[in-house]
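Here is what each chain is made of, one letter per residue.
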Amino acid sequence: MKLVVEVQDASDLMPKDGNGSASPFVEVDFDDQRHRTQTKPKDLNPVWNERLTFNVTNPAQLPDQTIDVTVYNESKRGHHKNFLGRVRISGVSVPRSESESAVQRYPLDKRGLFSHIRGDIALKIYAVYDSSPPGPPLSNGVDPPIAPPDTNVNQGSGGGGGGDDHNSNRKKNKKNSNKANETQSWYSVGSGPPPGPPIFDFMKPAPAPVSQPSEAKRTDHSRNEFVGGVPVTLHHVQMPPKPPEFGLVETAPPLPGRLYGHRRDKTASTYDLVEQMYYLYVNVVKAKDLPVMDITGSLDPYVEVKLGNYKGVTKIIEKNQNPVWRQVFAFPKERLQSSLIEVVVKDKDFLKDDFVGRLTFDLTEVPVRVPPDSPLAPQWYKLEDKKGEKAKGEVMLAVWMGTQADEAFSEARHADAHDLPVEAEIHTRSQVYYSPKLYYLRVLIIEAQDLVPSEKGRVPEPWVKVQLENQMKYTRTSQIRTRDPTWNEELMFVASEPLDQRLVITVEDRVGPNKSEPLGWKVLPLSAAVQRLDHHKPVPPRWFNLDKPSSSAETDEKKKEVKFSSKIHLSLCLDAGYHVLDESTHYSSDLQPSAKHLRKPMIGILELGILNAKNLMPMKTKEGRATDAYCVAKYGSKWIRTRTALDTLIPRWNEQYTWEVHDPCTVITIAVFDNCQITGKKDDGPIDQRIGKVRIRLSTLEMDRIYTHYYPLLVLHPSGLKKMGELHLAVRFTCMAWINMLTLYSRPLLPKMHYVQPIPVLHVDFLRRQATLIVAARLSRSEPPLRREVVEYMLDVDSHMWSLRRSKANFHRITSLLSGFLMIGKWFDDVRNWKNPVTTCLVHVLFFILVCYPELILPTVFLYLFMIGIWNYRFRPRDPPHMDVRLSHADRAHPDELDEEFDTFPTSRPSDIVRMRYDRLRSVAGRMQTVAGDLATQGERAHALLSWRDPRATAIFIMLSLILAVILYVTPFQVVAVIYGLYLLRHPRFRSKLPSAPFNFYKRLPAKSDMLI
């Protein structure tokens, strides 16, 4: 087997020759073999188009090997090379034929933390067997034969395999290379061992191509993450770090909001962000005076609505001649297969349903209704028999042509759901939900009196348990064993309206290890809690009598006879000045306090049009179906759910929704799910599967602009990152109060109570989890229910869980932020070293000007910031933000990292895997421990300057401080600044390579590291 690496080109390389350019070449290392391309002098965007061939000694070990591609700059001397970047590619993702490979672009990685690298390189990598025909020639007209194991096709710096003599044949060879062979063989590229030589079997069907997501997604993972104990980033052929299909695609659909301009009334419910979809609505209300069809004298009527091959059936009303149905059927206009609509009333029977009567309507005479027109009033129609003559009975119904903006759209039974049972059809409807109003309940346990233990003469060891529905918290055990204990502990819970929950307070006595007995308990309604809006008003505590543990079985008369009881001192309050967090504060959609009169005024309107989706992955292949997709969006307390598009990979919704905006620094979340409840099962049905999620921050949107894009739907599975499709959205943010919106940027993000009386960090995660459970439980009881797994995915319940992938992503976020300061430091070091004499001289001039006129320093800084902002306005983002695959490290995550991320808590993995992960976590924590120790050492050295821990160093420091105080007192500040600046910017000829005296003095100061055990 041969491994072929085609080096196409590179772009935007880092200049390394000191003159703003570079002379790059590429070295490729594989299995102790090294080949290189020719050098492209003075070119930051070189084009090589060279094919490098390597010998694969053992094809079975190819998935475990790594291809190292390094770009160097060839210096003028010819014996020195500068590093320009590298790419490491795992052999597990190498295709087994040239037809399965494609040119991929890889960003160049750094060699170390402080390397300055940029640009990317285009490669095409594939494996060929010795018996297979050679691949097509490259675009430069060169088609070298397969080299032997110890022979390199491109040797030395000039072995490029192509030059100017072959450029004229590029187009001809390009056409010839596109010709397909008569016989083709497909091989699946997976994580398992590579297949053997190709075997041509014409009797077996060819497997699916590698380009399908179900097979190609697993090729983006490497098997070896750590090389020498250091995590290594590996890029792969089939899944580059930032493929173009993971980005946004801007569209221009014919929306009414763009065709006819902006409307004046922004609060009107007109569908101008979606394409109008017309439906034929049939509203079957009721019937009267229906004839009896059974011998028993009863009638079980129902109605069939027929339109071509579509048929909708109402529910059956047993033994009723005047039934009431109130059901609406919707038929899409583009699927109408007949010009007549037939309404048939039948009687349900055991063997064959009896015909009662029918009605027919001509579609050309059906009226058209568009909101805000009033709903069409239903009318009574006389039934006809099969011969067209009048029959006994009448039916009240209405037939009209409307759009998805019609009020009946959400409650109608659509044509694709007519075959579903009624219990399953409910799960396909669109609906609007609202989260329950939440409060923080604060319970202050102060003390108790006159506790009576079960064993006489024993001093109790009491503690308190407080329970609010599923929330349970405990106080510590009283430090002093007494009958009158004191705790002074504050416990917090999440309560929801209508505040009908009950608070159960139990005082227990610890009588042994893991054993306790109740001393008394009290059940309080939440109405006993005082609602607090301001922290300045303390809530007065109250005494409550504790009921005896056995008093629950006593009668009320016996309870009245009790003259003595234990007491507990409590303070209960509902904090309405807080915002109950159910989302992460980093991408929260609601920041309003619980109290309505403390909320911010409305500043604008957010409008979302959910148009369609495309290229969805089939989620029900085992059931013989495609995908039953629906969308869920959340902003503030309002949730929306679109109708379910059944059994299609290109669903069309075209539904528009509106939210009030109170703060622009908020995020709207839209997610797509596969509906798994259409089987009709109620509680034991499968969970709805995730298809993808989109977040859009409102502050990144321009005013009154309609954004229409295809957003990639990405889901991270234990097997890797998968693109599940693309979601087409239209978004518009309209501001109605400019001044109020601008003033919000100077106000706190959260309500005032979060700052004047902050919630302890240890309580935040618990309270957020409880708030999520309350919201999920409330929405799951709606109809159609918004299931718990949907709510938890929308609220990112598991975002606080440990993930090595997220840790790497956050670390790279920090390093990218620090890279700017590192660039400034490098620029200043270049100025000090006189790398560019002109720049250094200009810095000297600017320094003298600022020293002579210090009042210009701050104006210069702010003017510089203004000019940078004006300059960057040209490069401002034109598209809204979306899920960044490369920033999230989702495409380069190791399979074991993903398996750890999706593991349960506590873990359910075998002990050897847990031990390996624990050792890995220890190694990462060891590095963090070293960094924390170094920071502590530097701070302790600064503290040692005046602590006299090293008396000689402290004496030297204070004497120098005295001398400098005298010198700075008698010397003008400008003179001192000029002397220090000239000393700092002195020429390297007058500078020693040894550390300075102040630096040496500081490094010699003592720290407490030698005191550690």
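Residues numbered from 1 in each chain as written. Predicted model: local features only at pLDDT ≥ 70, side-chain atom pairs only at ≥ 80, totals over all residues. Heavy atoms only, no water.

Caption draft 1: Structural view of the overall build of the chain. Across its full length, the chain carries 18 helices and 38 strands. Within the span of the chain, comprising 1013 residues, buried residues form 45% of the whole. Look at the contacts in the chain between residues 6 or more apart in sequence, and 70% of them connect residues 24 or more apart. Just so you have it, the chain exposes about 54,500 Å², and 57% of that area is on carbon and sulfur atoms. (Helix = DSSP H or I, 4+ residues; strand = E, 2+ residues; numbered from the N terminus. Buried < 20%, exposed > 50% of the residue type's maximum accessible area, 1.4 Å probe, protein only. Contact = heavy atoms within 4.5 Å. Areas by Shrake-Rupley, 256 points an atom, 1.4 Å probe, with all protein chains shown as cover.)

Caption draft 2: Fine view of the packing of helix 11 (residues 837-852) against helix 17 (residues 973-984). One can describe the packing of helix 11 onto helix 17 by two numbers: an axis separation of 10 Å at closest approach and a directional angle of 165°. With respect to helix 17, the axis of helix 11 lies roughly antiparallel. Both helix 11 and helix 17 take part in a crossing whose hand is right-handed. Across the interface between the two elements, His844, Phe847, Phe848 and Val851 from helix 11 touch Gln974, Ala977, Val978, Gly981 and Leu982 from helix 17. (Axes fitted to C-alpha atoms, helices over the stretch in contact; angles between N-to-C directions. Parallel < 35°, antiparallel > 145°, perpendicular 65-115°, else oblique. Left-handed = near helix turned anticlockwise from the far one by under 90°.)

Caption draft 3: Inspection of unusual backbone geometry at higher detail. A cis geometry characterises the amide bond from glutamate 497 onward to proline 498, with omega recorded as 20°. With respect to the element layout, proline 498 can be found in the loop between strand 25 (486-496) and strand 26 (502-512). Cis geometry marks the peptide bond from glutamate 783 to proline 784; its omega dihedral reads 0°. Structurally, proline 784 can be placed in the loop between helix 8 (761-779) and helix 9 (788-795). One non-glycine residue, aspartate 289, adopts positive backbone phi at about 55°. Within the fold, aspartate 289 resides in the loop between strand 12 (278-288) and strand 13 (301-307). Of the residues examined, aspartate 289 reaches a relative accessible area of 45% and is grouped as partly exposed. Of note, tryptophan 948 is a non-glycine position whose phi angle comes to about 60°, a positive value. Assignment of secondary structure puts tryptophan 948 in the loop between helix 15 (911-943) and helix 16 (951-970).

Caption draft 4: Expanded view of the nonpolar core. Core analysis: the biggest nonpolar cluster contains 38 residues, and Leu608, Trp653, Trp659, Ile668, Ile696, Leu727 and Leu729 have the highest contact counts within it. When residues of this core are traced back to their parent elements, those giving at least two are strand 31 (604-614), strand 32 (629-635), strand 34 (652-661), strand 35 (667-674), strand 36 (689-697), strand 37 (706-717), strand 38 (720-735) and helix 6 (738-744). Among the elements that take part in this core, strand 38 stands out by supplying six residues, more than any other. The contact partners of tryptophan 659, leaving out residues within four places of it in the chain, are Gly604, Ile605, Leu606, Leu608, Ala633, Tyr635, Lys638, Ile640 and Ile668. Within the second largest apolar cluster, 32 residues are counted, among which are Phe25, Phe30, Leu52 and Tyr72. (Core = buried A, V, L, I, M, F, W, Y, C linked by side-chain atoms within 4.5 Å.)

Caption draft 5: Quick peek at the pattern of salt bridges. Summed over all chains, the structure comprises 60 salt bridges. For the salt bridge of arginine 88 with aspartate 68, the shortest nitrogen-to-oxygen distance reads 2.9 Å. With arginine 88 in strand 6 (residues 81-90) and aspartate 68 in strand 5 (residues 66-74), the pair connects residues that are 20 residues apart, well separated along the chain. For aspartate 68, a relative accessible area of 21% gives the class partly exposed. (Salt bridge = Lys/Arg side-chain N within 4 Å of Asp/Glu carboxyl O.)

Caption draft 6: Spotlight on the sheet that holds strand 27 (residues 515-525). Strand order in the open sheet formed by four strands is 24-23-26-27, with antiparallel pairing between adjacent strands. Two strands lie at the open edges of the sheet, namely strand 24 (471-474) and strand 27, each paired on one side alone. On average, adjacent strands in this sheet sit at an angle of 20° to one another, irrespective of strand direction. (Pairing = 2+ DSSP bridges.)

Caption draft 7: Layout of helix 8. Between its terminal C-alpha atoms helix 8 stretches 28 Å, which fits the 27 Å expected from 19 residues at 1.5 Å a residue. Every buried residue of helix 8 is accounted for by Leu767, Arg768, Gln770, Ala771, Thr772, Ile774, Val775, Ala776 and Leu779. Looking at the packing, one finds that the buried side of helix 8 touches strand 21 (431-434), strand 22 (438-449), strand 24, strand 25, strand 33 (638-641) and helix 9. (Expected span 1.5 Å × (residues − 1).)

Caption draft 8: Highlighting the packing of aromatic side chains. One pass over the full model with this rule turns up 13 aromatic pairs. Taking the centre distance of 6.3 Å and the plane angle of 75° together, the rings of tyrosine 72 and phenylalanine 83 count as edge-to-face. Note that tyrosine 72 is positioned in strand 5 and phenylalanine 83 in strand 6, a separation of 11 residues in sequence. Assessed through its relative accessible area of 13%, tyrosine 72 is described here as buried. These aromatic residues form a ring-pair network of at least three members: Tyr279, Tyr281, Trp400 and Phe409. Between lysine 614 and the ring centre of tyrosine 710, over which it is positioned, the NZ or CZ distance is 4.2 Å. (Phe/Tyr/Trp six-rings, centres within 6.5 Å; stacked < 30°, edge-to-face > 60°. Lys NZ or Arg CZ within 6 Å of the ring centre and 35° of its normal.)

Caption draft 9: Broad picture of the sheet that holds strand 4 (residues 47-55). Read across the open sheet, the four strands follow the order 4-1-8-7; overall the sheet is antiparallel. Bordering the open sheet on either side are strand 4 and strand 7 (104-107), each of which pairs with just one other strand. Looking at each pair of strands side by side, their axes are set apart by 30° on average, direction ignored. The pairing of strand 7 with strand 8 (residues 120-128) spans four bridges and is antiparallel. When the sheet's bridge partners are listed, tyrosine 106 is paired in strand 8 with isoleucine 121.

Caption draft 10: Main features of the packing of helix 8 against helix 9. The geometry of helix 8 relative to helix 9 is characterised by a closest axis approach of 9 Å and an angle of 140° between their N-to-C directions. Relative to helix 9, the element helix 8 lies oblique. Handedness of the helix 8/helix 9 crossing: right-handed. Contacts from Arg768, Arg769, Thr772, Leu773, Val775, Ala776 and Leu779 in helix 8 reach Arg788, Val791, Glu792 and Leu795 in helix 9.

Caption draft 11: Layout of helix 11. For helix 11, built from 16 residues, the straight-helix expectation of 22 Å at 1.5 Å per residue is met to within 8% by its first-to-last C-alpha distance of 23 Å. Every buried residue of helix 11 is accounted for by Thr840, Val843, His844 and Val851. Within helix 11, the buried residues cover an arc of 105° as seen down the axis, which keeps them to one side. Within helix 11, the exposed residues directed more than 90 degrees away from the buried face are Val838 and Leu842. Of the surrounding elements, those touching the buried residues of helix 11 are helix 10 (804-832) and helix 17. (Arc of directions from axis to C-beta.)

Caption draft 12: Looking closely at the side chain of histidine 754. Residue position: histidine 754 is located in helix 7 (residues 753-756). Here histidine 754 falls in the buried class, since its relative accessible area comes to 11%. Only 2.9 Å separates the side chain of histidine 754 from the backbone nitrogen of histidine 579, close enough to count as a polar contact. Apart from residues lying up to four places away in sequence, histidine 754 is in contact with Tyr578 and His579. (Polar contact = N/O pair within 3.5 Å; in protein donor to acceptor, adjacent residues only side chain to side chain.)

Caption draft 13: Looking closely at the environment of arginine 697. Looking at where arginine 697 falls in the secondary structure, it is placed in strand 36. C-alpha separation for the pair arginine 697 and cysteine 665, spaced 32 residues apart in sequence, amounts to 6.9 Å. The residues contacting arginine 697, other than those within four sequence positions of it, are His586, Tyr587, Cys665, Thr666, Val667 and Pro881. Reaching out from arginine 697, the side chain makes a polar contact with the backbone oxygen of histidine 586 at a distance of 2.6 Å.

Caption draft 14: Expanded view of a nonpolar patch on the surface. The grouping of Leu946, Trp948, Ile958, Met959, Leu962, Val966, Tyr969 and Val970 at the surface amounts to a nonpolar patch, some 910 Å² of accessible area in total. Along the chain, valine 970 falls in helix 16. With relative accessibility at 59%, the residue valine 970 sits in the exposed group. (Patch = residues over 30% accessible without salt bridge, like charges linked within 9 Å, V, L, I, M, F, W, Y side chains within 5 Å.)

Caption draft 15: Local environment of the confidence of the model for the chain. Across the chain, the average pLDDT comes to 81, with 85% of residues at 70 or higher. Note on residues 132-243: pLDDT is under 50 here. Beyond four places in sequence and across chains, it has 207 contacts. Residue range residues 262-269 is modelled with pLDDT below 50. Its contacts to residues more than four positions away, or to other chains, number 12 contacts. (pLDDT = per-residue confidence, 0-100.)

Caption draft 16: Examining the environment of aspartate 590 more closely. Inspection of the secondary structure assignment puts aspartate 590 in the loop between strand 30 (567-575) and strand 31. Along the chain, aspartate 590 and histidine 662 lie 72 residues apart, while their C-alpha atoms are 8.5 Å from each other. Not counting chain neighbours up to four residues away, the residues in contact with aspartate 590 comprise His579, Glu583, Gly636 and Ser637. Side-chain polar atoms of aspartate 590 contact the backbone nitrogen of glutamine 592, separated by 3.1 Å.

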